[in-house]
Amino acid sequence: EIENKILTNAVITPCLFSNCTYLQTVINDNNNLLIGEYAFSNCSHLEKIIGNGTIDVIKTGAFFNCFSLKEVNFKFTNFIAKKSFENCLGLSSLYFGTDDITIEPGAFKGCINLHTLFCENINTINYLFELNILSDSRITEIYIFKEFANEFQIKHPEFVPIKSTQNGFQLFKR
């Protein structure tokens, strides 16, 4: 009956925490973490993944069917495989950092409540839209660094600039 898990290994092996129904929080302070296939799948009460560490790779189905997962920070993530967050019905927001990221189609399949993106990198936001990565989501809000606001507005006229935030983001709404 684990409620919180602090990750201390550089590799989370496949299915390690699968079906761990009491797990609520994953804390990652590692660098270069690799999360294996279905490592946290079916953790029905997992709500958040926090920490200052980097997650280099998230393998297929790593968080599959984590219905309670609400938000994820990919500030230091390089690769997200297909089905990684499939059917994460509680997922409402994603944060992408300054690094370019590769995301396989289907990574967020069934994330029907996903509505907010925070993005520090214009390449990532363009990539997400060009490859239709978030096709199941209902993105209505995008926060993007102000320096990319004009470029974003030209490429995505369906989003209207609303306001600038104190932390350097421009909010756009559809």
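Residues numbered from 1 in each chain as written. Predicted model: local features only at pLDDT ≥ 70, side-chain atom pairs only at ≥ 80, totals over all residues. Heavy atoms only, no water.

Draft legend 1. A look at the overall build of the protein. Helix and strand counts for the protein stand at two helices and 14 strands. For 174 residues, the compact-globule estimate of 2.2 N^0.38 gives 16 Å, and the C-alpha radius of gyration of the protein, at 16 Å, lies within 12% of that figure. On the principal axes, the C-alpha backbone points of the protein span a range of 50 × 30 × 25 Å. A buried classification covers 47% of the 174 residues belonging to the protein. In the protein, 33% of the contacts between residues at least 6 apart in sequence involve partners at least 24 apart. When the accessible area of the protein is evaluated, it comes to approximately 8,500 Å², of which 49% is carbon and sulfur surface. The averaged location of the 18 negative side-chain charges in the protein is 5 Å from the averaged location of its 14 positive side-chain charges. (Helix = DSSP H or I, 4+ residues; strand = E, 2+ residues; numbered from the N terminus. Rg over C-alpha atoms; globule rule 2.2 N^0.38 Å. Buried < 20%, exposed > 50% of the residue type's maximum accessible area, 1.4 Å probe, protein only. Contact = heavy atoms within 4.5 Å. Areas by Shrake-Rupley, 256 points an atom, 1.4 Å probe, with all protein chains shown as cover. Lys, Arg positive; Asp, Glu negative; His and termini not counted. Charge placed at Lys NZ, Arg CZ, Asp CG, Glu CD.)

Draft legend 2. Spatial organisation of the packing of aromatic side chains. Scanning the model with the defined rule gives 16 aromatic pairs in all. Relative to Phe64, the ring of Tyr38 lies with its centre 6.1 Å away and its plane at 75°, an arrangement referred to as edge-to-face. Of this pair, Tyr38 sits in the loop between strand 4 (33-35) and strand 5 (48-50) while Phe64 sits in the loop between strand 6 (55-58) and strand 7 (71-74), and the two are 26 residues apart along the sequence. The exposure class of Tyr38 is partly exposed, given its relative accessible area of 27%. Taking relative accessible area as the criterion, Phe64 reaches 18% and is therefore assigned buried. Each ring, one from Phe85 and one from Phe108, has its centre 5.4 Å from the other, and the planes form 10°; the classification is stacked. Pair noted here: Phe85 is in the loop between strand 8 (77-80) and strand 9 (93-96) and Phe108 is in the loop between strand 10 (102-103) and strand 11 (116-119), with a separation of 23 residues, a long-range link. In this structure Phe85 comes out as buried when scored by relative accessible area, which is 0%. Connected via pairs of aromatic rings, a cluster forms that spans Phe17, Phe40, Phe63, Phe74, Phe85, Phe96 and Phe108. (Phe/Tyr/Trp six-rings, centres within 6.5 Å; stacked < 30°, edge-to-face > 60°.)

Draft legend 3. View of the pairing of strand 9. Of the two faces of strand 9, the one holding Ser93 and Tyr95 and the one holding Leu94 and Phe96 are both buried throughout. In this structure, strand 7 lies alongside strand 9, joined through four bridges in parallel fashion. Looking at the pairing, Glu71 lines up with Ser93 of strand 9. In this structure, strand 9 lies alongside strand 11, joined through four bridges in parallel fashion. Looking at the pairing, Leu94 lines up with Leu117 of strand 11. (Pairing = 2+ DSSP bridges.)

Draft legend 4. How the structure looks around the sheet that holds strand 2 (residues 11-12). With respect to topology, five strands assemble into an open sheet ordered 2-4-6-8-10, the strand pairing being parallel. Two strands bound the open sheet, and with one partner strand each, they are strand 2 and strand 10. Pairing of strand 6 with strand 8 involves three bridges; the strand directions are parallel. Bridging from a neighbouring strand, Val57 pairs with Phe79 of strand 8.

Draft legend 5. Broad picture of helix 1 (residues 122-130). By the burial criterion, the buried members of helix 1 are Ile122, Thr124, Ile125, Asn126 and Leu128. The inward-facing, buried residues of helix 1 abut strand 9, strand 10, strand 11, strand 12 (141-145) and helix 2 (149-155). The opening residue of helix 1 is Asn121, an N-cap whose side-chain oxygen sits 2.7 Å from the backbone nitrogen of Asn123. Of the residues trailing helix 1, Asn132 is marked for its positive phi of about 55°. (Polar contact = N/O pair within 3.5 Å; in protein donor to acceptor, adjacent residues only side chain to side chain.)

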